[in-house]
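# Per-entry structural report
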Protein chains: 2
Amino acid sequence: MAKKSKFKITPIGGLGEIGKNMTLFEQDGEGFIIDCGIMFPANDMHGVDYIIPDFRWLQERADIRLHGVCFTHGHEDHIGAVSHLVKAFPGVPLYATPLTAGLLQVKLKNARLLKTSKLNKFTAGDKLKIGPFSLESFHVCHSIPDCVGYGINTPYGIVVHTGDYKFDNTPVHGRKTDYARLAGFAQRGVALLLADSTNADKAGWTESEAVIDAALDKVFRKSRGRIMVATFASLMSRVQQVVNAAQKHKRKICITGYTMSEYAKIARKLGYLDVDDSMLIKIDQARELPPHKVVFMVTGSQGEPSAVLGKLASGRHRQLDVRKGDTIIFSSHPIPGNEEMVYRTINRLIQRGADVIYDPIEAVHVSGHACQEEMRLMLNLTQPRHLVPVHGEIRHLHLHARLAADNGMREDSITIVENGTTVELGKNGITVGERQPGGYVFVDGSSVGDIGRAVIRDREILAQDGFVLVSATVDNRSGELIESPRIVSRGFVYLKDSEEFLSQIRETAVQVLNRSRHLNGKRQNLVEESVGKLIYSETKRRPMIFSIVNEV
Amino acid sequence: MAKKSKFKITPIGGLGEIGKNMTLFEQDGEGFIIDCGIMFPANDMHGVDYIIPDFRWLQERADIRLHGVCFTHGHEDHIGAVSHLVKAFPGVPLYATPLTAGLLQVKLKNARLLKTSKLNKFTAGDKLKIGPFSLESFHVCHSIPDCVGYGINTPYGIVVHTGDYKFDNTPVHGRKTDYARLAGFAQRGVALLLADSTNADKAGWTESEAVIDAALDKVFRKSRGRIMVATFASLMSRVQQVVNAAQKHKRKICITGYTMSEYAKIARKLGYLDVDDSMLIKIDQARELPPHKVVFMVTGSQGEPSAVLGKLASGRHRQLDVRKGDTIIFSSHPIPGNEEMVYRTINRLIQRGADVIYDPIEAVHVSGHACQEEMRLMLNLTQPRHLVPVHGEIRHLHLHARLAADNGMREDSITIVENGTTVELGKNGITVGERQPGGYVFVDGSSVGDIGRAVIRDREILAQDGFVLVSATVDNRSGELIESPRIVSRGFVYLKDSEEFLSQIRETAVQVLNRSRHLNGKRQNLVEESVGKLIYSETKRRPMIFSIVNEV
C-alpha cells in the first residue's frame, strides 16, 4: 500500500440520524464497507416502508474495487439493507459473527439471494483480511449478543470503529466489552476514533442489563395472572432474562410473533439463547395452562398495530386476548416518533383490564448505548488523535464533540461530518474531503427509490384535505355541456352529509363551463380555479382540485 | 336544594386523554361547567386543526338549566373551546380570574363574541354563587399565573376540583398553592376529590420553577452571542424569569411571535409580568444591538414549522436568522407526539451554527403538574372520602388510583371513569351513572364536527399510497371507446418517471372497456378492479382507484 495516499472514510448513512448505518473505507482504489442498515420513516414520510442508504454513487464509481462488507451486529439499522447491497454489488463477500450471520442468512433467504451470497463467519476478536486491508474485530456489549467493533490498520495508525456499544460490566451473556483490545490499540496508536453518539445527551453510565433481572423478579413475584413481556424481536438477551425469571417462578414460556420466533430459533441453534425444550410451549398449550403458569414473549413494543401486542390491544388477535389479571411488561423504550402509538397501546391494554408495567414504573428496560461517562471511558481507553462522532442525530454528534473537547481533546482534532462527506486521514492528520450524495432512498412496496420528496409532498396535501375532481363532457364544436358534471372526492368532506355542498360545486362548474364555451384548452383551469375558490371560502380548506373536460 | 337528589358530575373531556378539559356538575335540573378546552390532534388525525369536547348531547337536554362556566386557568386545554361553548349556550355567564379572563377576552374578540358574552372576574380565593350552587375558589400553582381549583358545596360534603396544579413552594410569582383552604375543606368534610393525574407515572416532587433561575443564569453567564428562549406562548412566569435573567446580565428583551406578544401585553397590563419599558425592544432595534446585549423570546418550542423557531430553523423568517454564536434555549418539554418535530428543529438549528440547550443538558424547564409525592400530599391535605382521578390518559388515571390505594384509600372509594360517564354522589357515596357520548368533535378549517372517522380513514389511505383515477368516454349505443382514457394520479408514483407504467394502466383500461361493450353500469367497477390488480402486482401498493365511464 502506497504510504502517501490518503485513507478515506465516507459515512453513507448513520451520521445526522439514528438508523441506516453504513460507512465506506478506501485507499488507492481498494475499499470495504462496515454495515448496511435501514432506517424507519418519520411520521411525515407517508407510505414509506423503510429507508436505505443512498449508495448509488458508489455503484457508479469505476475507480474502486470493493473487497467486502463487515457487519458489527444483527440489528435492522446495521444489517437491514443487506439484500439491496448484495443486489447492487453481486458476489461481494460478507463478514459477520455467528449470530449476526444467522440473522443475515434469514434476510438473504427471504430475498432469494442466499445461494449467490458469500457469507463468511468469524468470532469476535478474530483478525480479518479484507483484500489489502487488515482488520481486528473486538467484542462490545450492546442489546444483542455477538456484537463487534473494528480496529482498522492504516499507514497512519489504527482507525477504531466502535459500532453500537456500552460498557456493561455484568452483561447477560457474560462477555464484556474488550477493554484489553481497546487499550492495546491505544499503545499502538489510534489515529482516529469513530464512536457511537446515540446517548450523548444522557449523563452518567448506562445501567447494566443485570438491573432488569431484579425488576423482572419483582413483577413476576407479584403477578397472579398471565405475564406478557414485549420487547424488540432481536433482543435475545432480554428473552434470556425472561426465560430465567420464568424458570425461577415456575412458568412456561411461549414465544409469539413470526420474527421473534425465527430469531429465537437461530439464537438457540447457535447457543445464544439457553432454554430447555420443556420450558417452551406453543400458544395452544399456553391457553390450556393456569394463568400463573405462563409467560408470553410478544412483539409490538413500539406500538406497531400489526404486531402481537397491537392486535391484543385492539382485540384483533386470533388466538389470544387480554384479560383482567394479566400483567404486561414493556421491556423497551419508545423510539422517538413512536411515543404516541406506544402510549395509545398501553392505554388500550389497561382499558382491557391488564396491569401494564413500563419504564417509569419499574426499571424493565435499559439502553444498549453508552452514556456520557462511557463515552469518556472510550476516549480514555483508546486515546485517539482524532475523533469523528458517528451514529446519532446532529445534536448527538455535537454533544459528543463537546464532551471530547471537555475531556481534553483539541477542538481541531474533532471533526463533525454528515452522511456523504469524506474524511481523509493522512500523515498530517485529518481533512474533510469531497461531498457525495448522502440522502434517503425510500422503499415503498416493491419499488426502491422511485418515491421522492415530490410524491411525499402530494401525499401530505392529500392527507390534510383530500381531493375533489370534477369531470365534464362537452360538445367539441359548440362547447356545450352534454351532461351534468360528475364529482369524485375523498378525504375532503363526508359525502353523504354534503349533498348540498356538492351540488354547489357542480353548479359552479356548470356556470364556468357555460361562460367559457369558446375558450378551448383553458376550461379545465377555469373550473379548477373557481371550484377551489368556492371550497376555500366555504370551508377554509385546500383539497387538491382537478378537473377533466372531455370534448366529444 | 332537595336533600335526596344526587349531585351528578359528568366529565365531557379530559378523562382518558390529555386535553379538552370540561366537566358538567348538576343537581335537580340545575347545572354549571368547569373549563372548556381544546385538544391537539394526534399525528394520525390528518388535517384536523384541533378537537373540542362533544357537548352536543348537553345542548339537546331540555331538562337542565346551565347557570355558568367557571375556568381554572388560561391554557388552551382549559379555555380553548370557549367560543364554541358560547355559541352553543348563548348568554351563559363565564367566571374567571383576571389573567384567565384577559385571555378569554382575546378568544371571544377574535370570534366576534365579546360583546354578547357575560364575562365575570373574580380573585383567587373568592366565593362564587353560580345559580343555586356555592363554590369556593382556591389558588394553585401551575405553569401560568392566576390558576384556581374549586371547592363545591353539596348536600353530601364538599367536592374539590384541583384543576391543573403543583405544590411549588418557591413559585416565580410568590403565591403558593392554598394549603390552608385545602386543609379547611378537609375539616368540613370532602366527599369527593377530582384531582389532576397528568404526572402520575413520575416519582417524587416536581421541581420548583426556582431551579430554572439557576439554569438560566448559568447559560446567560456563558453566552457571548445572542440568546433565544423558546417556550409556550402562555408561560408568562417563564417570560418573567427570562426578563429577570436579562436584567441581571444587561440584555434587552425582544418578545416575538403574535400570540406571545399578545399574551405578554395582557399579562403586563394586569400586573402578571413585571418588565420595565426600557427593557423591551422590537425586532428592528434588536438587530441593531451587539449580540451579547439581546435576548429574544420566541414561540415554536413544540417544533411547529410555522412558529418563529420553526421558521428560523428552516431559514424562512423574514426578519431574523440563526448564526454561529447564538444560544437557543428550549424552555419546554416535547408534548408526546411532538418529539420528532422538536428534535428535527433542534438538529436544524445546530446545523445553522447555534448552541442549543434543552432539558437533559440543563434544567431549563420544569413540569407544571404534580408528581406522585404531591398527589399524596393533595390526598392527605383534603382527606377525601372518594376519589375520581381526572386530567390524564388511561394509564395516568389508573396509576393515580393505585397511588391513592397505596396511600390508604379503600379501593371501592376510588372510581375511574372516562369521558361521558356520569358519577353520582349521594348520601351513600358514589355510584356510576349513565353514559353520554364522550367523543371527539374535529375542527377542520371553518367546519366543526363534519369531519368524522370515515374521512380521516380516507385521508390515511391517500397519505399511504395516493390515488389513481381513469376517465373514459364511450359511445352510449355501441359502447365503444371514443378517445383514449385519461389518467389523473397524485401521491402514487412520480408521474414524470412513470410514463411507461401509466401507459400500461391505460392499456389495461382499454382492454377491459373493449371486452365489456354491452355491460353497461358494470364497466366502471371492472376497470377499477383490473387497474387495482395491475397496480398491486407491479408495485405492491394499494392507492385508491377510481374510474369514470362517460356515456355520450
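Residues numbered from 1 in each chain as written. Chains lettered and ligands numbered in written order. Predicted model: local features only at pLDDT ≥ 70, side-chain atom pairs only at ≥ 80, totals over all residues. Heavy atoms only, no water.

## Some thoughts on the overall build of chain A
When you go through chain A residue by residue, the secondary structure sums to 16 helices and 27 strands. For chain A, the proportion of its 552 residues judged to be buried stands at 60%. In chain A, of all internal contacts separated by at least 6 residues, the share reaching a separation of at least 24 is 72%. Of the charged side chains in chain A, 70 are positive and 63 negative; the average position of the first set lies 4 Å away from that of the second. (Helix = DSSP H or I, 4+ residues; strand = E, 2+ residues; numbered from the N terminus. Buried < 20%, exposed > 50% of the residue type's maximum accessible area, 1.4 Å probe, protein only. Contact = heavy atoms within 4.5 Å. Lys, Arg positive; Asp, Glu negative; His and termini not counted. Charge placed at Lys NZ, Arg CZ, Asp CG, Glu CD.)

## Topic: the sheet that holds strand S16 (residues 294-298) of chain B
All names here are of chain B. Judged by pairing direction, the sheet is parallel, and its five strands sit side by side in the order S15-S16-S14-S17-S18 without closing on themselves. Each edge of the open sheet is held by one strand with a lone partner, namely strand S15 (252-255) and strand S18 (355-357). Strand-to-strand twist of the sheet, defined as the mean angle between neighbouring strand axes without regard to direction, takes the value 20°. Summarising the sheet, S15 and S16 pair through four bridges and their orientation is parallel. (Pairing = 2+ DSSP bridges. Axes fitted to C-alpha atoms, helices over the stretch in contact; angles between N-to-C directions.)

## A word on the environment of Tyr-258 of chain B
Residue and element names in this part refer to chain B. Tracing the backbone through its elements, the reader meets Tyr-258 in helix H8 (residues 258-269). In this structure Tyr-258 comes out as exposed when scored by relative accessible area, which is 59%. Measuring from C-alpha to C-alpha, the distance between Tyr-258 and Phe-296 comes to 14 Å, with 38 residues separating the pair along the chain.

## Quick look at the interface of chain A and chain B
Counting residues at the interface gives 67 residues for chain A and 67 residues for chain B. For the pair chain A and chain B, the summed buried surface comes to about 5,700 Å²; carbon and sulfur atoms form 54% of the total. Considering only the surface of chain A that becomes buried against chain B, Glu-340, Arg-395 and Arg-541 of chain A emerge as the three largest contributors, covering 10% of it. Taken together, the connections running from chain A to chain B amount to eight salt bridges. Arg-541 of chain B is the salt-bridge partner of Asp-450 of chain A, the closest N and O atoms lying 3.4 Å from each other. Along the contact surface separating chain A from chain B lie 36 residue pairs in polar contact (both at pLDDT 80 or more). Elements with a minimum of two residues in the side of chain A that touches chain B: helix H11 (339-351), helix H13 (394-406), helix H14 (453-465), strand S25 (467-474), strand S26 (486-490), helix H16 (523-539) and strand S27 (544-551) of chain A. Here the side of chain A that touches chain B is composed, by residue class, of 27 nonpolar, 18 polar and 22 charged. (Buried area = accessible area lost by both parts, 1.4 Å probe. Salt bridge = Lys/Arg side-chain N within 4 Å of Asp/Glu carboxyl O. Polar contact = N/O pair within 3.5 Å; in protein donor to acceptor, adjacent residues only side chain to side chain. Nonpolar A, V, L, I, M, F, W, Y, C, P; charged D, E, K, R; others polar.)

## Considerations on the environment of Ile-461 of chain B
Residue and element names in this part refer to chain B. In this fold, Ile-461 is placed in helix H14 (residues 453-465). Classification of Ile-461 by relative accessible area gives partly exposed; the value is 35%. Separated by 174 residues in sequence, Ile-461 and Arg-287 place their C-alpha atoms 47 Å apart.

## What to know about the state of the cysteines
Residue and element names in this part refer to chain A. What the rule picks out here adds up to zero disulfides over all chains. No disulfide involves Cys-147; its sulfur sits 8.2 Å from the nearest other cysteine sulfur, which is in Cys-141. Take Cys-147: its relative accessible area is 0%, and that puts it in the buried class. With no disulfide partner, Cys-371 has as its closest neighbouring cysteine sulfur the one in Cys-141, 14 Å distant. Of the residues examined, Cys-371 reaches a relative accessible area of 7% and is grouped as buried. (Disulfide = S-S within 2.5 Å.)

## Quick look at the domain arrangement of chain A
Much of the literature gives interface size as the accessible area that the parts lose upon coming together. Residue and element names in this part refer to chain A. Assigned domains within chain A: domain 1 (7-204 + 367-445), domain 2 (211-358) and domain 3 (453-551). On a C-alpha basis, the centroid separation for the pair domain 1 and domain 2 is 31 Å. Taken together, the contact pairs 15 residues of domain 1 with twelve residues of domain 2. In total, domain 1 and domain 2 occlude about 1,300 Å² of area from one another, counting both sides; carbon and sulfur atoms represent 66% of this. Taken as a group, Leu-99, Val-172 and His-173 account for 32% of the area that domain 1 buries against domain 2, more than any other trio of residues on that side. Counting the contacts that link domain 1 with domain 2 gives zero salt bridges. No other element matches helix H4 (residues 98-110), which puts six residues into the side of domain 1 that touches domain 2. The residue inventory of the side of domain 1 that touches domain 2, partitioned by class, reads seven nonpolar, five polar and three charged. (Domains from an automatic or database assignment.)

## Considerations on helix H4 (residues 98-110) of chain B
Residue and element names in this part refer to chain B. Between its terminal C-alpha atoms H4 stretches 19 Å, which fits the 18 Å expected from 13 residues at 1.5 Å a residue. Those residues of H4 that sit buried are Leu-99, Thr-100, Ala-101, Gly-102, Leu-103, Leu-104, Val-106, Lys-107 and Leu-108. Packed against the buried residues of H4 are helix H2 (76-79), helix H3 (82-88), strand S7 (93-96), strand S8 (118-121) and H8. Just downstream of H4 lies Arg-112, where phi reads positive at about 55°. (Expected span 1.5 Å × (residues − 1).)

## A look at the sheet that holds strand S1 (residues 7-13) of chain A
Residue and element names in this part refer to chain A. In spatial order, the strands read S8-S7-S6-S4-S3-S1-S21-S22; together these eight strands make up an open sheet with mixed pairing. Unpaired on one side and paired on the other, strand S8 (118-121) and strand S22 (429-435) mark the two borders of the sheet. Taken over all neighbouring pairs, the strand axes of this sheet differ in orientation by 25° on average, direction set aside. Pairing geometry for S1 and strand S21 (residues 421-426), over three bridges, is antiparallel. Looking at S21, one finds that Phe-7 is bridged to Leu-425. Across the face of the sheet, H4 comes into contact with strand S7 (93-96) and S8 while running at roughly 160° to S8.

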